[in-house]
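# Residue-level structure breakdown
One letter stands for each residue in the lines below.
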Amino acid sequence: MKKVAFYTLGCKLNFSESSSIARDFEKQGYTRVAFEEAADVYVINTCSVTDNADRKCKAIVKKALKTSPEAFVAVIGCYAQLRPEEITRIPGVNIVLGASEKFNLPYHVEQHKQGKVQAVHSCEILQVKEFNPAYSAGDRTRSFLKVQDGCDYFCAFCTIPMARGRSRSGSIEDVVSSAHEIAATGVKEVVLTGVNIGDFGRGSDETFLDLITQLDQVKGIERFRISSIEPNLLDEDIIRFVADSRRFVPHFHIPLQSGSDEILKAMRRKYQTALYRNRIEMIKSVMPMACIGVDVIVGFPGETEAHYLETEQFLESLDISYLHVFTYSERPGTTALRLDGTVSKEDREIRSRRLHKLSDLKRKQFYENYLGSNQKVLWESDEKEGMMFGFTDNYIKTTMPADPSRFNQIEEVTLSGLSTASPVLTAEAYLPVTA
């Protein structure tokens, strides 16, 4: 049988799209195999946020052709949209598909067989207006469900609007239909993903709150998790809905990017620190056990040591659970390139290390609050050195000796100890939970 293999870089959204494209190949008679195996077609789904995208892409292409020298190699995704000509210069690449054509990849492969292949197929990004639904499959425990694509915000540091186009989404009816399909596979948890999911329904009379209200009624899915949502779009109605929901878990990931109002303005963010603090305090007032993750960027142009200290002190003052720390890196085509006040690489690295330490401290403090408590854990199928792991609804990573009969099961456990080697709590079996 014909075989296809995928290598996906970047975000949850990319993983959902790779999985949907793979299902389209399967409809054409292909079998999906691991990227390390011999295949007829290799698909590399790229990311524009990842550093050294060109170097990584070259290495992955080389790896594929070492396994199957005569294979067809397709490069798709955000980097393919932004820098298609660079990718065509990589030896062994047969086709590069931008945002408008990546979902037609099986068709292009067939065209290649007939000698009609086009090396690059991309378009002006503002022409990309169609929403292509997608969700990931293959993991028994969790699925990433795409509900929105593109972004209209044009933050000074970000290439996503140039790689994915303007904000758009499917209908609630279509998203709920996809959720029912996922439920039929036995998956217990669905993560809602997109570029700017709080912007769901733009151009229609549907809203993100309408969407999650409908998804909360989908039987068979035990947990819905909101992957990331802008603070200015996370309003009180959404927070209170999650607090009262049976299926939406108390876990929020809310980008901050800077704790300095001056830097937020330079970044062209749509809020200031007062609004951000309000959202955190509102969540904690109705969901004291909520886990809150925060994105933050260090070393943005113009960020002085005083600006950085504002960010550090602001984060210290918030009741948050962990940080995702990004070191600013220059991206072609972004307005940040025109700003003065370049921060040295050394200062960027120092600030990043300091915030990583703060993140470790915040996570440790959050975990310690739950030592000795009973929590419901969804056990993952992955295991290392005889241990399995899983997450509570409020995103505490938990581990115990592996038992395959418990994989993809929700089980109430006692959180009995905190590992010093990594941020994870050990657990003791307590009581199986019936759905």
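So, here is what we can say about the structure in this document. Everything numeric here is computed off the predicted structure, so don't read it as measured data.

This paragraph deals with the overall build of the protein. Helix and strand counts for the protein come out as 13 helices and 19 strands. The C-alpha atoms of the protein give a radius of gyration of 22 Å, which matches the 22 Å a tight globule of 435 residues would have. The principal-axis extents of the C-alpha atoms in the protein amount to approximately 65 × 55 × 45 Å. Out of the 435 residues belonging to the protein, those deemed buried represent 54%. A fraction of 72% describes how many contacts in the protein between residues 6 or more apart in sequence connect residues 24 or more apart. Accessible surface computed for the protein: about 19500 Å², of which carbon and sulfur atoms make up 48%. If the 54 positive side-chain charges of the protein are averaged to one point and the 59 negative ones to another, these points end up 3 Å apart.

Working note: regular strand, side chains alternate between the two faces of the sheet. Alignment of strand β16 (residues 387-392) against strand β17 (residues 397-401), held across five bridges, turns out to be antiparallel. If you follow phenylalanine 389 over to β17, its bridge partner there is threonine 399.

Our focus in this paragraph is empty space enclosed by the protein. The gaps left among the atoms become clear once a water-sized probe is rolled over them. Under the definition given, this model contains one cavity of 30 Å³ or more. In this model, the largest cavity occupies a volume close to 50 Å³. Taken together, Ala99, Lys102, Val128, Glu130, Asn132, Asp149, Ala163, Arg164 and Arg168 make up the full set of residues lining the largest cavity. For the lining of the largest cavity, a count of residues per class yields three nonpolar, one polar and five charged.

So, on to the sheet that holds strand β7 (residues 142-146). Taken in spatial order, the three strands of this open sheet run β7-β10-β11, and their pairing is parallel. If you trace the sheet from one side to the other, it starts and ends with β7 and β11 (223-226), each paired once. Sheet twist, expressed as the mean angle between neighbouring strand axes with direction ignored, is 25 degrees. Examined bridge by bridge, strand β10 (residues 189-193) and β11 share four bridges and lie parallel to one another. Looking at the pairing, valine 191 lines up with arginine 225 of β11. With respect to the sheet, helix α1 (residues 12-27) is in contact with β7 and β10, its orientation differing from that of β7 by roughly 95 degrees.

With that settled, consider the nonpolar core. The biggest cluster of nonpolar side chains holds 53 residues, and the ones touching the most others in it are Leu192, Phe208 and Leu215. Among the elements that line this core, the one with the most residues is helix α7 (residues 172-184), at six residues. Listed in part, the 22 residues of the second largest apolar core include Cys47, Ile60, Val61 and Val96.

Moving on, we get to helix α13 (residues 345-368). Between its terminal C-alpha atoms α13 stretches 35 Å, which fits the 34 Å expected from 24 residues at 1.5 Å a residue. Along α13, the residues that are buried comprise Arg348, Arg351, Ser352, Leu355, Leu358, Ser359, Lys362, Arg363, Phe366 and Tyr367.

Attention shifts here to helix α2 (residues 53-67). Its 15 residues place the ends of α2 22 Å apart at the C-alpha level, agreeing with the 21 Å of an ideal helix rising 1.5 Å per residue. On the buried face of α2, the contacting elements are β1 (2-8), β3 (41-46), β4 (72-77) and α3 (78-82).

Attention now goes to the sheet that holds strand β14 (residues 322-327). Across the sheet, which stays open at both edges, the three strands sit in the order β12-β13-β14 with parallel pairing between neighbours. Of all strands in the sheet, those with a lone pairing partner are β12 (251-257) and β14, marking the two edges. The mean angle between the axes of side-by-side strands here comes to 20 degrees, regardless of whether they run parallel or antiparallel. Pairing geometry for β12 and strand β13 (residues 291-298), over six bridges, is parallel. Within β13, the position partnered with histidine 251 by the bridge is cysteine 291. Helix α11 (residues 273-286) contacts β12 and β13 of the sheet and is inclined by roughly 165 degrees relative to β12.

Below, the discussion takes up the environment of alanine 274. Checked against the element boundaries, alanine 274 lands in helix α11. Along the backbone, alanine 274 and glycine 259 are 15 residues apart, and their C-alpha atoms lie at a distance of 9.8 Å.

With that out of the way, let us pick up the pattern of salt bridges. Counting across every chain of the model gives 26 salt bridges. Glutamate 303 is paired through a salt bridge with arginine 351; the nearest N and O atoms lie 2.8 Å apart. With glutamate 303 in the loop between β13 and α12 (305-317) and arginine 351 in helix α13, this pair connects stretches of sequence that are 48 residues apart. Comparing glutamate 303 with arginine 351 shows no difference in burial state: the two are buried. Each of the salt bridges in this network shares a partner with another, and the network as a whole consists of Glu17, Lys102, Lys146, Asp149, Arg164 and Arg168.

This next bit is on the environment of arginine 202. Its location among the elements puts arginine 202 in the loop between β10 and α8 (208-215). In this structure arginine 202 touches Asp152, Ser167 and Ser169, once residues within four positions along its chain are discounted. A polar contact of 3.4 Å, which involves the side chain of arginine 202, links it to the side chain of aspartate 152. A distance of 2.8 Å separates polar atoms of two side chains, one belonging to arginine 202 and the other to aspartate 199.

Basis of the calculations
- Residues numbered from 1 in each chain as written.
- Predicted model: local features only at pLDDT ≥ 70, side-chain atom pairs only at ≥ 80, totals over all residues.
- Heavy atoms only, no water.
- Helix = DSSP H or I, 4+ residues; strand = E, 2+ residues; numbered from the N terminus.
- Rg over C-alpha atoms; globule rule 2.2 N^0.38 Å.
- Buried < 20%, exposed > 50% of the residue type's maximum accessible area, 1.4 Å probe, protein only.
- Contact = heavy atoms within 4.5 Å.
- Areas by Shrake-Rupley, 256 points an atom, 1.4 Å probe, with all protein chains shown as cover.
- Lys, Arg positive; Asp, Glu negative; His and termini not counted.
- Charge placed at Lys NZ, Arg CZ, Asp CG, Glu CD.
- Pairing = 2+ DSSP bridges.
- 1 Å grid on protein atoms, 1.4 Å probe; cavity = no way out; pocket = protein on both sides within 12 Å on 5 of 7 lines; lining within 4 Å.
- Points joined across faces, edges and corners; volume = space filled by probe spheres on them.
- Nonpolar A, V, L, I, M, F, W, Y, C, P; charged D, E, K, R; others polar.
- Axes fitted to C-alpha atoms, helices over the stretch in contact; angles between N-to-C directions.
- Core = buried A, V, L, I, M, F, W, Y, C linked by side-chain atoms within 4.5 Å.
- Expected span 1.5 Å × (residues − 1).
- Salt bridge = Lys/Arg side-chain N within 4 Å of Asp/Glu carboxyl O.
- Polar contact = N/O pair within 3.5 Å; in protein donor to acceptor, adjacent residues only side chain to side chain.

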